[in-house]
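Analysis of the macromolecular model
What follows is each chain in one-letter form.
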Amino acid sequence: MKVALFVTCLADVLYPRVAQSTVAVLERVGCTVTFPADQTCCGQMHTNTGYQRDAGALIRHHVEVFERALDGGADAIVAPSGSCVGSVRHQHAMVARNLGDEALAQRADLVAQRTFELSQLLVDELNLTDVGAYFPHRVTYHPTCHSLRLLRVGDAPYALLRAVAGIELVELPSADQCCGFGGTFSVKNADTSSAMLADKITAVSDTRAEVVTAGDASCLMHIGGGLSRIRAGARTLHLAQILASTRAHPTELIDEPERATR
Amino acid sequence: MSTFIGMPAARGTGDLQGDRPFPQAAHDALADQQLRRNLGYATATIRTKRAQVVAEVEDWEQLREAGRQIKAHVMARLPELLEQLEEQVTARGGTVHWARDSTEANRIVADLVKATGSDEVIKVKSMATQEIGLNEYLAAQGIAAFETDLAELIVQLGHDKPSHILVPAIHKNRTEIRDIFLAEMAGVRPDLTDEPAELAEAARMHLRAKFLTAKVAISGANFAIADTGTLGVVESEGNGRMCLTLPDTLITVMGIEKVLPTWRDLEVFLQLLPRSSTGERMNPYTSTWSGVTPGDGPSTFHLVLLDNGRTSALADEVGRAALHCIRCSACLNVCPVYERTGGHAYGSVYPGPIGAVLSPLLTGMTGGHDAPNDSLPYASSLCGACFDACPVKIDIPAMLVRLRTEHVDLAGPKTAEARSMKAMRWMMSSPRRFALAGRLSRLGRFAVRRGKPIVPLPPPLNGWTQSRDVPVPQGQTFRDWWLDNHGDAR
C-alpha cells in the first residue's frame, strides 16, 4: 500500500521521533511512505477555539496538499494522531460548509474518507496486529478521547500492543476519563485542566507502569508534562514508538523531548 | 432559516447567568476539597447505575434515535403543537397563559396565587421555576414558596442554590444535610443523626403539614401531550403527586419545548428518561393530568407556557437541538469538568455540558472577555462523553465549537487572542514559513537553562506551566530529517 504521511504539526516540530517511528512501522509492514512536504497544520486548534475563518484557510491548504497526494497514487493518508484525524474526518467539511464553501466541503469529504489514524490503518485496513515489535517494558495505554469517542478506534490499539513481544500490558484505571488537555482548554481553564490531569497521573502511577502510551502526541505532551513536573517514575511514549521498537533497534526509555519546568 | 412562533423573540432572563466567568468560579470550587469528594463519589455512583441499566436495553441506540427524531419533529412543528395544546387544555377546563420571559412568567404566577387569597404555595421540583427565579419573586410579593422535593428542600433550607439538574443538593453530603436540618427545620429532633432514613423521616414530618393545608401548588412539567392536553411529571418521592392532587389550585410552568405530539411518544421518553437520570428502570411515580376533573384533584388548573429565550435558540440551526434536552442530567454525571467544579461554577441553573450550551443560547452572548455566559462554551475539553451519554443524541461538543465561533465573531478581530490566532494562521498557511518556524523553534532550547526557562511564560501560556513542564524542541524537525534521509520531498 502506498501511504501519504500526514505528520501533524505537533509531531513535525516537537515530536519528530513519533513521526520517524510511524514511517519505520509502515515501511516494516510493506507500505511505501511518501511525505507531502507542503503540508502544515489541519487547523484543529483554530476550529476548536472558535476561529473558523482562520481554520478555513488551513483546511483549504490541507485538502489541496492531500488531494495531490491521492492523485499522485497514494492509497491512504495516515497520521499518528486520533485528534487530528478526527478533525479531518468530522470538522473539515463542516467548517467549509459553515463558511459557505460547498465545493471545498465535498473535496474535504473525499480526503477525509481516505484518512486514517495509525492503529486503524494497521488493524482495520491492513488486517495486521503483529507488526514485529519488541518492547520489554511494563506499559499502560490511555485511550485518548478523540480516538475513543470521535474515531471509535475501539480495540485496535490494544490488539497491536498485545501482539508486541516482551511487553507487560497493564490496565489503566478509569482509562476512558479525559486527561484534561483539550487544546486551548488547558490554558483557558488551567485550574480545571490541572485537576483532571492530577487524577490521570494518579491513575498512571497506580499501575506502576514504566511507560504510558497513547495514539496522540498532544495528550501525551500534557500527561508527560505533568509526570515530569512531579518527577513521577513513568514516562510517555507514543504508540508508534512502541510499535517501531525491535530487538535489533529497541526504543529506549529517554525523556523526549527534554522539558523545562516553570 | 428561522422559526417564528408568534411572539417577538425575547432573550432569556432570570437565573440563567452567573456574575463571573467560569474559570474564576471554577478556581474557587476546585479549592473546596469536601465538594470535590462529594461530587466525585456521587457522580461515580450514578454513572455506574446508569451504565448498568442502559446496558440491559437491547434497542437503546434505536430508542435514542427515536427520541432524537421525535424532538426534531416537535421543533419543526412547535407553533402548531403549542396551539393544539392550548386548545386541548382549555377544552378540558384549564387556562393557558403565554410568558415571553421570566418577568412575565413570574408576574402571571404571582397574580394567579394572589387571586386565590393564599399567601403560601407548595412546589413540585421544577427547573422552569428555578430558571425564572420564581421563589424569590414570590417572596418579594409576600408569598412563601415551600419546596417539597427532598433535595430542593435541603437547598432551600440551606439558603443555597441547586448545583445539579436532577440532584440539586449533590454538593452536600449527609452530615452537612443533617446540620442544615438541625439549624433550619422547625421542630426537628435535636438528636437527629445523619442516617438517610432519619433525614427522610424528618423531612416527611416537616412537609406533611404543608401538604394538608396548602391551597395552591406550583409545578413544572416533564412533558405535555398536544393532542389530549395532558401534562406529566415523573419523580421518585411521591411528594410531587401530593402537590398535584391535594391543593385546590395547580399552576404549571412549562418551557415551550416540552410538548410532544401524542401519548404514543411517551413510550420512547419513559424508557429513556429514568434510565438516563436516576439509573432506574422506571421512576416510582408518573403523574399525568388533563385539565380539571370535578371531585378529583385541583378544581382550578393554569398552564404557563414559557419562552424565555427558547424561540431565539430555535432560530439557531445548530443550537436548536439543545431544546431537545429532557433534563435527565446524564451529561453532567459523565462530564470530567462538572465532576471537578460542580454546578455552581456555571452560574446558570443549567450546569454541566448541556448548561454550557443551553444557557448562552437562551440569554445570548455579548462577545465580552469576562461575560459569564460567553465563557461557558469554553468550559469543556471536548472529550465527547456527554454526546455518548445523551439519551436524545444532542451533539454537545459540536454545539460548543459552534458557540465558540459565535463568541469570537462577537468579540471581533482586535483581541490579543484573535491577533495571535491570525498570526498562527499566516505562519501555518505557507509551507515555507511553517518550515522556517519549525527551525526557529529549535532556538527555544537556548531560552532554557538547567531545566528552567530564562524568562517566565506570559499569560495565558503560564496556565500551562502551573502544573505541567514544557517540551523543548530538540534536534531536527521531522520535515528536515525527511529531506536529509529520503531526499525526494514528494
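Residues numbered from 1 in each chain as written. Chains lettered and ligands numbered in written order. Predicted model: local features only at pLDDT ≥ 70, side-chain atom pairs only at ≥ 80, totals over all residues.

**Quick notes on the domain arrangement of chain B**
The cut-off we apply is this: Segmentation into domains, and thus their bounds, comes from an automatic or database assignment.
Under the domain assignment used here, chain B contains domain 1 (79-311) and domain 2 (416-486). Distance from the C-alpha centre of domain 1 of chain B to the C-alpha centre of domain 2 of chain B: 55 Å.

**Some thoughts on the sheet that holds strand S1 (residues 2-5) of chain A**
All names here are of chain A. Put simply, the rule is: Strand pairing follows a simple DSSP-based rule, namely that at least 2 bridges must link the two strands. For the purposes of this entry, the term helix denotes a DSSP run of H or I that reaches at least four residues, the term strand denotes a run of E that reaches at least two, and both are numbered from the N terminus. Only the stretch in contact is used when fitting a helix axis, every axis being a line fitted to C-alpha atoms; angles between N-to-C directions are given from 0 to 180 degrees.
Strand order in the open sheet formed by four strands is S2-S1-S3-S4, with parallel pairing between adjacent strands. Where the open sheet ends on each side, the last strands, each with one partner, are strand S2 (32-34) and strand S4 (115-117). With direction set aside, neighbouring strand axes in the sheet form an average angle of 35°. Pairing between strand S3 (residues 76-79) and S4: three bridges, direction parallel. In the sheet register, Ala79 faces S4, and the bridge partner there is Glu117.

**Some thoughts on helix H5 (residues 102-116) of chain B**
Residue and element names in this part refer to chain B. Definition in use: The span expected for a helix works out to 1.5 Å for each residue beyond the first. Every C-beta atom is placed from the backbone, and the number of other C-beta atoms within 10 Å of a residue's own sets its class: buried at 20 or more, exposed at 12 or fewer, partly exposed in between.
The end-to-end C-alpha distance of H5, which contains 15 residues, comes to 22 Å, matching closely the 21 Å that a straight helix rising 1.5 Å per residue would cover. Taken together, the buried positions of H5 are occupied by Ser102, Glu104, Ala105, Asn106, Val109 and Val113. Gly117, located one to two residues past H5, shows a positive phi value of around 85°.

**What about the interface of chain B and chain A?**
Put simply, the rule reads: Each residue gets a C-beta atom placed from its backbone, and two residues are in contact if those atoms lie within 7 Å. When residues are sorted by character, Ala, Val, Leu, Ile, Met, Phe, Trp, Tyr, Cys and Pro go into the nonpolar class, Asp, Glu, Lys and Arg into the charged class, and all the rest, Gly among them, into the polar class.
Counting from both sides, the interface comprises 59 residues of chain B and, opposite them, 59 residues of chain A. Looking at the side of chain B that touches chain A residue by residue, the classes come out as 29 nonpolar, 20 polar and 10 charged. Here strand S9 (residues 259-260) of chain A pairs with strand S13 (residues 470-471) of chain B via two bridges, running antiparallel. The partner of Ala260 of chain A across the bridge, within S13 of chain B, is Val470 of chain B.

**So, the domain arrangement of chain A**
Residue and element names in this part refer to chain A. For chain A, the domain assignment lists domain 1 (2-125) and domain 2 (138-244). A C-alpha centroid distance of 22 Å is found between domain 1 and domain 2. With 27 residues of domain 1 at the interface, the matching set in domain 2 holds 22 residues. Looking at the side of domain 1 that touches domain 2 residue by residue, the classes come out as 12 nonpolar, 11 polar and four charged.

**Focus on the packing of helix H16 (residues 352-363) of chain B against helix H19 (residues 396-411) of chain B**
Residues and elements named next belong to chain B. Our working rule: These descriptions rest on fixed angle ranges, namely under 35 degrees for roughly parallel, over 145 for roughly antiparallel, 65 to 115 for roughly perpendicular, and the rest for oblique. Here is the rule for handedness: rotate from the far helix to the near one, and if that takes an anticlockwise turn smaller than a right angle the crossing is left-handed, while a clockwise turn gives right-handed.
The interhelical angle for the contact between H16 and H19, taken along N-to-C directions, is 40°, at an axis separation of 10 Å. Of the possible angle classes, the one that applies to H16 and H19 is oblique. Seen along the crossing, H16 lies across H19 with a hand that is left-handed. Of H19, the residues touching H16 (which contributes Pro353, Ile354, Ala356, Val357 and Pro360) are Ile396, Met399, Leu400 and Leu403.

**Some words on the packing of helix H4 (residues 52-71) of chain A against helix H7 (residues 102-113) of chain A**
Residue and element names in this part refer to chain A. Remark: H4 packs on H7, axes separated minimally by 10 Å, with the N-to-C direction vectors making an angle of 50°. In terms of orientation, H4 and H7 fall into the oblique class. Judged by the twist between their axes, the crossing of H4 over H7 is left-handed. Across the interface between the two elements, Ile59, Arg60, Val63, Phe66 and Glu67 from H4 touch Leu104, Arg107, Ala108 and Val111 from H7. Of the residues that constitute the contact of H4 with H7, the class distribution is six nonpolar, no polar and three charged.

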